Amino acid sequence: MSSLMPAPVIPAVMVPDTAEVLARAAPMSRNEREQLIARIRQLLRKQDAVLVAHYYVHEDLQMIAEETGGHVADSLEMARFGHEHSATTLVVAGVRFMGETAKILNPEKRVLMATLEAECSLDLECPASQFIPFCDAHPDRTVVVYSNTSAEVKARADWVVTSGIAVQLVRHLKEQGERILWAPDRHLGSYLQQTTGADMMLWPGACVVHEAFKAQALAEMKRQHPDAAVLAHPESPAAVLDLADVVGSTTQLIDAARRLSQHELIVATDNGIFHKMKQAAPDKLLIEAPTAGAGATCRSCAHCPWMAMNDMRGLAHVLETGDNEVHLDEEVRVKALRATARMLDFARSLKASGTAAPRQA
Ligand code: 13P
Ligand code: SF4
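Residues numbered from 1 in each chain as written. Chains lettered and ligands numbered in written order. Predicted model: local features only at pLDDT ≥ 70, side-chain atom pairs only at ≥ 80, totals over all residues. Heavy atoms only, no water.

Asker: Would you mind going over the overall build of the chain in detail, with residue names and values included?
Answerer: On a plain count of helices and strands, the chain comes out with 16 helices and 13 strands. For 361 residues, the compact-globule estimate of 2.2 N^0.38 gives 21 Å, and the C-alpha radius of gyration of the chain, at 20 Å, lies within 12% of that figure. If you line up the chain on its principal axes, its C-alpha atoms span 60 × 55 × 40 Å. Residues counted as buried form 57% of the 361 residues belonging to the chain. Taking the contacts inside the chain whose residues are at least 6 apart along the sequence as the reference set, 67% of them involve residues at least 24 apart. Summed over its atoms, the accessible surface of the chain is roughly 15000 Å², and 51% of this surface lies on carbon and sulfur atoms. Taking the average location of the 36 positive side-chain charges in the chain and that of its 45 negative ones, the two points are 3 Å from each other. (Helix = DSSP H or I, 4+ residues; strand = E, 2+ residues; numbered from the N terminus. Rg over C-alpha atoms; globule rule 2.2 N^0.38 Å. Buried < 20%, exposed > 50% of the residue type's maximum accessible area, 1.4 Å probe, protein only. Contact = heavy atoms within 4.5 Å. Areas by Shrake-Rupley, 256 points an atom, 1.4 Å probe, with all protein chains shown as cover. Lys, Arg positive; Asp, Glu negative; His and termini not counted. Charge placed at Lys NZ, Arg CZ, Asp CG, Glu CD.)

Next up, the structure:
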């Protein structure tokens, strides 16, 4: 049984226009770019800092992360890497929940973000003030939240999970006979419900980027590229996922691009991923899945406006000034740590054996 929750009415989210965000940045000469890269490298060393970037941020940031011993990854691997790295400062290029997750796991480290303006529609659509009473009203359900949530929401959860391990975790909970309250992404939630058969109640949030992919236009694109495989992130609507050959986290989609025999790949996720995907599969033709179809509008047009707020100037600034440090209320952090650490433990156990039982509460 899957059910969308009768209410709550989630808040309307102000979504910045990605093109406007990108246009805000003053143009940069080649000389300035090279000087900035050199300065960031030097500052990272001087500050004993490591840069942890998501695949959706600008390729210059990805390049700097990799060249300086940092990491470019999905949200699960960003959390793991930051936690295991010895640097005393973690600099997160991504969105707020990624910086908060780093702080939840690493209270002794300084966590800086290239920008503090970078939100996530899933996080914004699941305010703790609505979420907590809702959980309280359903005490019989195990609360599983996507990592794309605030520390306060994680603090109320039994489990935190990312798309990389969500199917395995929900299947595991189902096998334990647990009924799930899932938040905040309704598309990922219904995909999990369909894949595992678990009894899930779904919070009605969505990712503004993935929700804009259009199934009808995608079906038409498939007709024009009959040999292409479709790769989709599970935050996409069900009708898009129904057309996909591979559904997975950003890392899983990059791996699929490398592994699949098809030469043409239609990709339904943020187009920031193309930088890494091209490196992983240089011979493949990568095609953006359509975000415009009959009557469609898109503000993000396959690129997250909040991810687009991360840039090299911001990164150099925070390394120079210590601005944009992530601070969390200690009581909230400690509560959020329980469900977040369980996620890392569960991921570790899956990696070790594929079947090992996760840490229990
Ligand atoms: P991944 O964990 O798959 O990288 O997803 C994070 C995200 O925000 C996707 O929109
Ligand atoms: Fe959130 Fe969607 Fe942006 Fe990912 S792409 S950070 S889910 S708004």
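Asker: An account of the packing of aromatic side chains is requested, with residue identities and associated values reported.
Answerer: A complete count under the given rule lists four aromatic pairs for this structure. Look at F131 and W203: their rings are 5.5 Å apart centre to centre, the planes differ by 75 degrees, and that puts the pair in the edge-to-face class. In this pair, F131 sits in helix α7 (residues 128-136) while W203 sits in the loop between β9 (200-202) and α11 (215-224), placing the two residues 72 residues apart along the sequence. Each member of the pair, F131 as well as W203, carries the same accessibility label: buried. (Phe/Tyr/Trp six-rings, centres within 6.5 Å; stacked < 30°, edge-to-face > 60°.)

Asker: Which residues make up the site of ligand 2, and what values go with them?
Answerer: Neighbouring residues of ligand 2: Y56, V95, C120, S121, L122, N148, C207, V209, E235, C304 and W306. Considering only residue class, the shell around ligand 2 consists of eight nonpolar, two polar and one charged. (Near = heavy atom within 4 Å. Nonpolar A, V, L, I, M, F, W, Y, C, P; charged D, E, K, R; others polar.)

Asker: Break down the packing of helix α4 (residues 75-84) against helix α16 (residues 330-353) for me, with residues and values.
Answerer: The contact between α4 and α16 brings their axes to 11 Å, and the two run at 100 degrees. Regarding the angle of α4 to α16, the classification is roughly perpendicular. Taking contact as the criterion, the partners of L76, A79, R80, H83 and E84 in α4 are, on α16, M343, L344, A347 and R348. Among the residues making up the contact of α4 with α16, the classes are represented as five nonpolar, one polar and three charged. (Axes fitted to C-alpha atoms, helices over the stretch in contact; angles between N-to-C directions. Parallel < 35°, antiparallel > 145°, perpendicular 65-115°, else oblique.)

Asker: So what's going on with the site of ligand 1? Which residues, and what values?
Answerer: Close to ligand 1 lie H54, Y56, D74, S75, N148, S163, H210, H233, E235, S249 and T250, which account for all nearby residues. H54 has a polar side-chain atom sitting 2.7 Å from an oxygen atom of ligand 1. In this structure, an oxygen atom belonging to ligand 1 sits 2.9 Å away from a side-chain N or O atom of E235. Relative to its unbound accessible surface of 300 Å², ligand 1 loses 96% to contact with the protein. When its residues are assigned to classes, the shell around ligand 1 shows one nonpolar, eight polar and two charged. (Polar contact = N/O pair within 3.5 Å; in protein donor to acceptor, adjacent residues only side chain to side chain.)

Asker: An account of the environment of L350 is needed here, citing residue identities and associated values.
Answerer: Within the secondary structure, L350 is located in helix α16. Residues L350 and Q42, 308 residues apart in the sequence, show an inter-C-alpha distance of 38 Å. Among all residues touching L350, those that are not within four sequence positions of it are I165 and Q168.

Asker: For the pairing of strand β13 (residues 285-288), give the residues involved together with the corresponding values.
Answerer: By the bridge criterion, four bridges tie strand β12 (residues 264-268) to β13 in an arrangement that is parallel. Residue pairing in the sheet places L265 in a bridge with L286 of β13. Note that the unit made of β12, helix α14 (residues 274-280) and β13 has a crossover that is right-handed. (Pairing = 2+ DSSP bridges. Right-handed = clockwise from strand over helix to strand, strands pointing away.)

Asker: Can you explain the sheet that holds strand β11 (residues 246-247)? Please cite residues and give values.
Answerer: Spatially, four strands are ordered β11-β10-β12-β13 in an open sheet, and the strand pairing comes out parallel. If you trace the sheet from one side to the other, it starts and ends with β11 and β13, each paired once. Helix-sheet contacts for α11 involve β10 (229-232), β12 and β13, and the interaxial angle to β12 is about 175 degrees.

Asker: Before we move on, can you summarise the nonpolar core with the specific residues and values?
Answerer: Counting 122 residues, the largest nonpolar core has I40, V91, F131, W182, L231, I273 and M277 as the members making the most contacts within it. Top element by residues in this core is α16. It accounts for six residues. The contacts of M277, once residues within four sequence positions are left out, are L231, L253, I254, A257, V267 and L286. (Core = buried A, V, L, I, M, F, W, Y, C linked by side-chain atoms within 4.5 Å.)

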